[in-house]
Protein chains: 2
Amino acid sequence: MPDRSLVKKKTHLIAFMPSGKRGRFPNGTPVLEAARLLGVDIDSVCGGRGICGRCQVDMTVGKFSKHGVTSHKSSLSAFNEVEQKYKERRNLKDGRRLSCQALLLGDAVIDVPATSQVHKQVVVKQADDRKIEMDPAIRLHFVQVLEPDMHNPTGDFERLCAALKQQWDLENLECDIRTLQKLQKVLRDGHWSVTVAVHRGTRITKIWPGFNNQAYGIAVDVGSTTIAMHLCDLSTGAVIASSGMMNPQIRYGEDLMSRVSYVMMNPGGELLLTEAVRSGINGLIAEVTTEAKVDPDDILNAVFVGNPIMHHLLLGIDPTELGGAPFALATNSAMTIWASEVGMTSNPDCRAYFLPCIAGHVGADTAAVILSEAPYLQEQMTLIIDVGTNAEIVLGNNERLLAASSPTGPAFEGAQISCGQRAAAGAIERVRIDPETLEPRFKVIGSDLWSDEDGFEEETRKIGVTGICGSGIIEVIAEMYLAGILSSDGVIDGAMAAKSPRIVADGRTFSYVIRDGESEIKIYQTDVRAIQLAKAALYAGAKLLMDKLDLEKVDRIQLTGAFGSHIDTKYAMVLGMIPDCNLKEVQAVGNAAGVGARIALLNNSARDEIEELVKTVEKIETAVEPNFQQYFVEAMAIPHKTAPYPELSKAVKLPAPKMLSDTSGEGGRRRRRRGKVEAAD
Amino acid sequence: MPDRSLVKKKTHLIAFMPSGKRGRFPNGTPVLEAARLLGVDIDSVCGGRGICGRCQVDMTVGKFSKHGVTSHKSSLSAFNEVEQKYKERRNLKDGRRLSCQALLLGDAVIDVPATSQVHKQVVVKQADDRKIEMDPAIRLHFVQVLEPDMHNPTGDFERLCAALKQQWDLENLECDIRTLQKLQKVLRDGHWSVTVAVHRGTRITKIWPGFNNQAYGIAVDVGSTTIAMHLCDLSTGAVIASSGMMNPQIRYGEDLMSRVSYVMMNPGGELLLTEAVRSGINGLIAEVTTEAKVDPDDILNAVFVGNPIMHHLLLGIDPTELGGAPFALATNSAMTIWASEVGMTSNPDCRAYFLPCIAGHVGADTAAVILSEAPYLQEQMTLIIDVGTNAEIVLGNNERLLAASSPTGPAFEGAQISCGQRAAAGAIERVRIDPETLEPRFKVIGSDLWSDEDGFEEETRKIGVTGICGSGIIEVIAEMYLAGILSSDGVIDGAMAAKSPRIVADGRTFSYVIRDGESEIKIYQTDVRAIQLAKAALYAGAKLLMDKLDLEKVDRIQLTGAFGSHIDTKYAMVLGMIPDCNLKEVQAVGNAAGVGARIALLNNSARDEIEELVKTVEKIETAVEPNFQQYFVEAMAIPHKTAPYPELSKAVKLPAPKMLSDTSGEGGRRRRRRGKVEAAD
């Protein structure tokens, strides 16, 4: 603590910027103490000992009539030895002071830089500059503990708690046994000065000898296809390493349904799936900690999001019940457990937080999407669609929020499509068709050139043109429709074969050839049907939610998920995947679930908020809604059999309706997909 | 639930015995419901479904003017089908009714047998008929859970909680992840009827399909020499199996000090000691569950007591700090953790409770002794001594309670004594010396005959007469003193050699021969000195506590511990191990720590009580008390240099004081025993 011998009865006025809070304090009061007493947010881990350097401030010299303060250079005590030492050890900008060391000797205006605030704002999403306030579950506290005394034989833990009460006002702390086992040695190694990590003000989860400034957390989005992890610094909120991998469960089944089938057919199979996802997560922990040079034992907090089946398997819960009606979750509540209980190789006392699930098909990933996109804070009526094998659909605003899932099937991910493939190098991702010549041009992943540009063939020779991925399928089918190749009811028009050699007979139906030659890429009539089925399911689900809110039109549409992020929103609307909307208000927002996980990692209140919120979300089970089938059939047409698309029409010239098949269509024969082993993605 | 069609508006008077509680209820009210509404204590696990049979009552017929009730046979509905079924399955005495089935049809007097009460009294100690009220941490609740519903997609756990709230008024329940992992299967196996075990009203720790009536707990006294375990039925409180074993840590050192030395000399040695004690406990779990035919997975609660070093090692805490001043405990608070965290092979979600420690030398075993003997409930000033290598001493009454430990050393346990041995077959345990002839007679463990009785030699030929155990040493030295062989200052009187060949010269000192021939057993001068040192430490500790309370005399003395239980209290007082007291008020009370552990297992409030109480216990550290050395030297004499023993003199004729050595004595040269590696027992 600084020398207080200068303290006299005289008082000075101090004003803190940018909060504008001000007050009078006795001569010699440390600036940090004045800030505390005024409720000004300044960070400190060391408790005013000049070690952590988190309490840095700037003094502003001059006359501030607004605050009634004239701030002189001499209003603070001189830069002292403790500050000098800190400056030599770390970086302290010229003019910056440690507010725990600087004493008030005259009226002063003090500027608190954003980086010195506990509750500083951090940007979690570059795209829309979304900021959240730092308020992580783990806080570090440096503390000096009384040595044991034979005359007052309390335990080391009890003396640590007494010191935390006295120095940090923390009460009723618990302690994990693993920490207790290390406690005595750490206290002595640190000569009775230690830093403790406290989880949500209630539980000590790690203890270091002496001063420690570093604690880390991970935000993990466990998708059925990929697992993504961000390693975050829990003091700055910064992402210091990120990594992703294919979910190792894929070896037991490409999609969720096949994995649940695997469990049902192979007793004990759930253990293998659990082991697979956990080992994947541990692999990512090794990667991100190696990259950031962080000790995995310093990972003290983890947040997991995932769909219900991923959520259950990670927790070691057999997902069989989620494979059939009534799709019962083992639990829908948020959970906080030890990371070691899910086999994580972080610190064993790392607390792992699982966001709540919403329903049997609408999981913690959707809760995270809601947290990220925050439709509940807006008046605009927002439709959010996480596009995948199973689409999660959220609709609402600050008054009501509805959620549902719709069984779109894997067509959007390139499965069930003749030339379909995953979004990887060589996959066609963009397609344009000349409405006059019906000639296509396209781009493949791995090259910036269009296929009709010079050098395309050279540049793509190595990667090849291997197939067509989800976004490419959307575009080619939409372009076929816009060019008149495809009728409103989804039939490739054989009459066009006379106009272009690209349209070829294929038995009783026709195909459209995007690329001929050795590696021919064609869109068959069956491919169009698969996309129609998928997009009709999506539209029908959204329409059901709109019905519940008596809505004809939504104000805003956000597409998320690995596929949803790459989609061209215009073509999605041309196809009728989504309802009509002002195209400017339709966005692909990236991996919102991952952003939601990071928000929950950095902000406690966000956890409380989403836990309360999901209770109010109205869950719609599309499978049992009587209108679903009719909505589905109507949505088979492109863009839709009955719904007008006035907003879309302003931006795109839609062809006149043309029907080529009889009204029953193939869609009418569609079997309901959600059977015994079908489930959410 | 019983048929309620009989319900009419008419009301009847019902009186419950023995509580005397009474009230009026509508015709057709189940007797159990009337009891609940009146606050009459009747047990039920099944919640009134006629399954558990815990709510049995008797109806008493006749006129009870005191209660204003005339009770007729027809005042209850007829014995019904549910009761008939129960009777066929289990035992239901003739005339007994299930109170959940019997409906009130007229005024009635109902007798609630003790076995039907939740808070029934159980005897925990045969010796003094000590009774405690059943109030275990684990309660069983049979519950019917709603099936999942797609329209209201809450998780199975949330529906279970809702049912427990509605049917048992339990709220905010948590659930261990291992239980959650089994939850869905158990609910379906039980067709949505399950029994849950709830720990202290807050946490579900086990779930069974359908109805289950059985839960068990273990009370474990972890001594440095022996580990004792009782397996208890948590509904009746009955001990259904008990077992004990040598503490396997003995291979690392006979006494506590040598074990702590082992840890200090062998890095990682604490892990071996922890592993040893845990494997011992698991061995006992296997024994008691096999004997009682109980599934170890049904052990849902465990209570552990032990001295600080045993306590720490069981918890996996390095005991090094307890090996030297200031003897700092890692924690002194009571703890509740998962049994799996201390490696127990019970149910992994079994909750393990550790009683609080009092000080570095006064452990959870002493807390258990206090709970068992309850000096804090009495006006009598009670001195309790747990005799061992380190003696724990408690003194006080319902106003104040003091505790200390005193380093007696291992002499009382037969160590440091030439012919000393553990209390096992062949050890001399009782000795009498004829004051005229100075001839001894004795008894050995394993035979009921005295050595001067016919057949003694034949009966002991097989077991032999192998040495002398602690209680034998106390008696022979006390008898030597009473017979005049030993002076007041502890010198074997060489002048007596002329009177008897039993006193023999042995260099510059003399010995007393108890048994001659091949297996000679002798008491040497050094043996007497060892016992003097031990008993002086004990007396000095007790005297220090009496000083703090300004006491000249205590009202009652209780000796406990493995050795303390076998001691003849008269001889203990002749030797001056304990202060003067009315001999009728001096008792050996058996293994009080084990009884205390059982009390904590069966009664929650006892846990709360002892946790609060230990905070008020005044801890005296004998090692740093200035008077200890002087008290110690004065207590070297037999029975004491200065303290008169008026109460003892009434019962025993004490010889006139006789001093044979110079006043400094060997005692004055005694080194303080409590060095770097010495600690409590």
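Preceding block: the structure.
This report concerns the structure included in the present document.

Calculation notes
- Residues numbered from 1 in each chain as written.
- Chains lettered and ligands numbered in written order.
- Predicted model: local features only at pLDDT ≥ 70, side-chain atom pairs only at ≥ 80, totals over all residues.
- Least-squares fit on C-alpha atoms with pLDDT ≥ 70 in both.
- Contact = placed C-beta atoms within 7 Å.
- Helix = DSSP H or I, 4+ residues; strand = E, 2+ residues; numbered from the N terminus.
- Nonpolar A, V, L, I, M, F, W, Y, C, P; charged D, E, K, R; others polar.
- Axes fitted to C-alpha atoms, helices over the stretch in contact; angles between N-to-C directions.
- Parallel < 35°, antiparallel > 145°, perpendicular 65-115°, else oblique.
- Expected span 1.5 Å × (residues − 1).
- Buried ≥ 20, exposed ≤ 12 C-beta atoms within 10 Å, placed from the backbone.
- Pairing = 2+ DSSP bridges.
- Core = buried A, V, L, I, M, F, W, Y, C linked by C-beta atoms within 7 Å.

**Some details on the relation of the copies chain B and chain A**
Here is step 1 of the chain: Overlay of chain B on chain A (RMSD 0.1 Å): rotation 180°, translation along the axis 0.0 Å. Taken together, the rotation and translation describe the operation of a two-fold axis. Within chain B, Glu 341 of chain B has its C-alpha nearest the rotation axis, a separation of 5.9 Å.
Here is step 2 of the chain: The share of interface residues of chain B whose copies in chain A are also at the interface is 100%, consistent with both copies meeting through the same surface.

**Let's talk about the interface of chain B and chain A**
Here is step 1 of the chain: Tallying the contact residues gives 36 residues for chain B and 36 residues for chain A.
Here is step 2 of the chain: At the level of secondary structure, the elements contributing two or more residues to the side of chain B that touches chain A comprise helix 3 (156–168) and helix 4 (177–189) of chain B.
Here is step 3 of the chain: Per element, the largest residue contribution to the side of chain B that touches chain A is five residues, and it comes from helix 4 of chain B.
Here is step 4 of the chain: Looking at the side of chain B that touches chain A residue by residue, the classes come out as 18 nonpolar, ten polar and eight charged.

**A short note on the packing of helix 8 (residues 364–373) of chain B against helix 14 (residues 592–602) of chain B**
Residues and elements named next belong to chain B.
Here is step 1 of the chain: In the contact formed by helix 8 and helix 14, the axes pass within 7 Å of each other and the chain directions differ by 80°. When the interaxial angle is binned, helix 8 and helix 14 end up roughly perpendicular. Along its contact with helix 8, which presents Asp 365, Ala 368, Val 369, Leu 371, Ser 372 and Glu 373, the element helix 14 presents Ala 592, Ala 593, Val 595, Gly 596, Ala 597, Ile 599 and Ala 600.
Here is step 2 of the chain: A per-class count over the contact of helix 8 with helix 14 returns nine nonpolar, two polar and two charged.

**As for helix 11 (residues 525–548) of chain B**
Residues and elements named next belong to chain B.
Here is step 1 of the chain: Helix length check: helix 11 (24 residues) gives 35 Å between terminal C-alpha atoms against 34 Å at 1.5 Å per residue, within 8%.
Here is step 2 of the chain: Most of helix 11 sits out of view: 19 of its 24 residues are buried.
Here is step 3 of the chain: Looking one or two residues beyond helix 11, the residue adopting positive phi is Asp 550, at roughly 55°.

**Comments concerning the sheet that holds strand 1 (residues 11–17) of chain B**
All names here are of chain B.
Here is step 1 of the chain: Pairing is mixed across the open sheet formed by five strands, whose spatial order is 2-1-7-3-6. Each edge of the open sheet is held by one strand with a lone partner, namely strand 2 (22–26) and strand 6 (97–98).
Here is step 2 of the chain: Inspection of the sheet shows strand 3 (residues 56–60) paired to strand 7 (residues 108–111) by three bridges, in the antiparallel sense. Across the sheet, the residue bridging to Asp 58 is Asp 111, located in strand 7.

**Side note on the pairing of strand 14 (residues 216–222) of chain A**
Residue and element names in this part refer to chain A.
Here is step 1 of the chain: With seven of seven residues buried, strand 14 is to be regarded as a mostly interior element.
Here is step 2 of the chain: Taking every second residue as pointing to the same face, both faces of strand 14 are buried, with Tyr 216, Ile 218, Val 220 and Val 222 on one and Gly 217, Ala 219 and Asp 221 on the other.
Here is step 3 of the chain: In this sheet, strand 15 (residues 226–233) lies alongside strand 14 in antiparallel orientation, the contact comprising seven bridges. Its bridge partner lying in strand 15, Tyr 216 is registered against Asp 233.
Here is step 4 of the chain: Across seven bridges, strand 14 lies against strand 17 (residues 299–306) in parallel orientation. Across the sheet, Tyr 216 pairs through a bridge with Ile 299, a residue of strand 17.

**Side note on the nonpolar core**
Nonpolar side chains tend to gather and get buried jointly when the protein is soluble and globular.
Here is step 1 of the chain: Counting 358 residues, the largest nonpolar core has Val 220, Ala 302 and Ile 477 of chain A together with Val 220, Ala 302 and Ile 477 of chain B as the members making the most contacts within it.
Here is step 2 of the chain: If we skip the residues at most four places from it in the chain, Ile 477 of chain A touches Leu 486, Ile 523, Val 528, Ile 531 and Leu 575 of chain A.

**Notes on the environment of Phe 327 of chain A**
Here is step 1 of the chain: With respect to the element layout, Phe 327 of chain A can be found in the loop between helix 7 (308–315) and strand 18 (335–338).
Here is step 2 of the chain: Taking the C-alpha atoms as reference points, Phe 327 of chain A and Ala 359 of chain A, 32 residues apart in sequence, are found 8.2 Å from one another.

**Some points on unusual backbone geometry**
Here is step 1 of the chain: With omega at 0°, the peptide bond leading from Met 17 of chain A into Pro 18 of chain A counts as cis.
Here is step 2 of the chain: One can find Pro 18 of chain A in the loop between strand 1 (11–17) and strand 2 (22–26).
Here is step 3 of the chain: Here the bond from Ala 325 of chain B into Pro 326 of chain B is cis, since omega is 0°, no more than 30 degrees from zero.
Here is step 4 of the chain: Tracing the backbone through its elements, the reader meets Pro 326 of chain B in the loop between helix 7 (308–314) and strand 18 (335–338).
Here is step 5 of the chain: The phi angle at Leu 438 of chain A is positive, at roughly 65°, despite the residue not being glycine.
Here is step 6 of the chain: The residue Leu 438 of chain A is located in the loop between strand 23 (427–433) and strand 24 (440–444) in this model.
Here is step 7 of the chain: Even without a glycine there, the phi angle at Asp 550 of chain A is positive, about 55°.

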